[in-house]
Amino acid sequence: VGLSVIVPYIGATVVTVPVAAVAYVQWGIGGEFYTVLIAYMILQVIDGNVLVPVIFSEAVNLHPVAIIAAVLVFGGLWGMAGVFFAIPLATMIK
């Protein structure tokens, strides 16, 4: 899961596959399966949009909103490479 933090959307998608596979083997397609996927989705949203910016903001001494803005701006400009390099670039600009 630690590597999934580097590129948020790809990492979250890749890590969801084993979670869905275990849930499918355990319960099959049904209510419990969808409950696990929804709970995992909620955890990923909270992790990616709240916890990671706060933790990175302490590590690089940037405000969490600046980190989110950097990911959006650099990702919009340069796509996946911009998302990957957003925090180091924002730190350099600061």
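This is a predicted model, so every value here is computed, not measured.

How each quantity is defined
Residues numbered from 1 in each chain as written. Predicted model: local features only at pLDDT ≥ 70, side-chain atom pairs only at ≥ 80, totals over all residues. Heavy atoms only, no water. Axes fitted to C-alpha atoms, helices over the stretch in contact; angles between N-to-C directions. Helix = DSSP H or I, 4+ residues; strand = E, 2+ residues; numbered from the N terminus. Parallel < 35°, antiparallel > 145°, perpendicular 65-115°, else oblique. Contact = heavy atoms within 4.5 Å. Nonpolar A, V, L, I, M, F, W, Y, C, P; charged D, E, K, R; others polar. Buried < 20%, exposed > 50% of the residue type's maximum accessible area, 1.4 Å probe, protein only. Left-handed = near helix turned anticlockwise from the far one by under 90°.

Undergrad: It is not clear to me how the packing of helix H2 (residues 31–60) against helix H3 (residues 64–78) should be interpreted in this structure. Could you clarify?
TA: The description of two packed helices rests on the angle between their axes and on the distance between the axes. Contact pair H2 / H3: the axes reach a minimum separation of 8 Å and the direction vectors enclose 110°. Considering the angle they form, H2 stands roughly perpendicular to H3. From H2, Asn49, Pro53, Val54, Phe56, Ser57 and Val60 reach across to H3, where they touch Pro64, Ile67 and Ile68. Along the lines of polarity and charge, the residues of the contact of H2 with H3 split into seven nonpolar, two polar and no charged.

Undergrad: Please clarify how the environment of Leu89 should be interpreted in this entry.
TA: Position of Leu89 among the secondary structure elements: in helix H4 (residues 80–93). Among the residues examined, Leu89 registers a relative accessible area of 23% and is labelled partly exposed. Sequence spacing of Leu89 and Pro64 is 25 residues, and the spatial spacing of their C-alpha atoms is 15 Å. The contact partners of Leu89, leaving out residues within four places of it in the chain, are Phe74 and Trp78.

Undergrad: I keep staring at unusual backbone geometry and nothing clicks. Help me out?
TA: Positioned with a positive phi, Asn61 is a non-glycine residue whose angle comes to about 60°. Of the residues examined, Asn61 reaches a relative accessible area of 56% and is grouped as exposed.

Undergrad: Looking at this structure, I do not really get the environment of Gly31. What am I missing?
TA: Assignment of secondary structure puts Gly31 in helix H2. Measuring from C-alpha to C-alpha, the distance between Gly31 and Asp47 comes to 24 Å, with 16 residues separating the pair along the chain.

Undergrad: Teacher, can you tell me more about the packing of H3 against H4 here?
TA: Two numbers describe how H3 lies on H4: the axes approach to 7 Å, and their chain directions differ by 130°. Considering their axes alone, H3 and H4 lie oblique with respect to each other. Considering how the two elements wind past one another, H3 and H4 form a crossing that is right-handed. Contacts between H3 and H4 involve Ile67, Ala70, Val71, Phe74, Gly75 and Trp78 from the first element and Met80, Ala81, Gly82, Val83, Ala86, Ile87, Leu89, Ala90 and Ile93 from the second.

Geometry only, nothing functional implied.
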